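Chain residues, written in single-letter form:
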Amino acid sequence: MRRLGQLLMSLGATVGAAVAVSILLHLGVAGAPWLVNVALAKLGLVAAAGIMAGGALTVRLAARREQRLLK
């Protein structure tokens, strides 16, 4: 379970980095208004944060489970 959490955290970091690079390079959906592109970028950052939070929660649950099994 710890490995899954670490995988989710690295996936979230990768998604966040990809969104940040697309923001810095002014990439977006061709033909869409700028407001839609800004909204998509914000959704991408929120998704990356959610994936990372899920990974951190999974790692914490795995550590708590290991502690309970040791007692």
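An account of the accompanying structure is given in this report. Small disclaimer: the values here were computed from a predicted structure and weren't measured.

**Focus: the pattern of salt bridges**
And then number 1: Applying the stated criterion to the full structure yields one salt bridge.
And then number 2: As a salt-bridge pair, Arg-2 and Glu-66 come within 3.2 Å of each other at their nearest N and O atoms. Taken as a pair, Arg-2 in helix α1 (residues 2–24) and Glu-66 in helix α2 (residues 34–70) lie far apart in primary sequence, 64 residues in all.
And then number 3: We classify Arg-2 as partly exposed; its relative accessible area is 31%.
And then number 4: With a relative accessible area of 42%, Glu-66 lands in the partly exposed category.

**Topic: α1**
And then number 1: For α1, built from 23 residues, the straight-helix expectation of 33 Å at 1.5 Å per residue is met to within 8% by its first-to-last C-alpha distance of 33 Å.
And then number 2: Among the residues of α1, Gly-5, Gly-12, Gly-16 and Val-19 are the ones counted as buried.
And then number 3: Looking at the buried residues of α1, the elements they touch are α2.
And then number 4: His-26 lies just past α1 and shows a positive phi near 55 degrees.

Rules of the game
- Residues numbered from 1 in each chain as written.
- Predicted model: local features only at pLDDT ≥ 70, side-chain atom pairs only at ≥ 80, totals over all residues.
- Heavy atoms only, no water.
- Salt bridge = Lys/Arg side-chain N within 4 Å of Asp/Glu carboxyl O.
- Helix = DSSP H or I, 4+ residues; strand = E, 2+ residues; numbered from the N terminus.
- Buried < 20%, exposed > 50% of the residue type's maximum accessible area, 1.4 Å probe, protein only.
- Expected span 1.5 Å × (residues − 1).
- Contact = heavy atoms within 4.5 Å.

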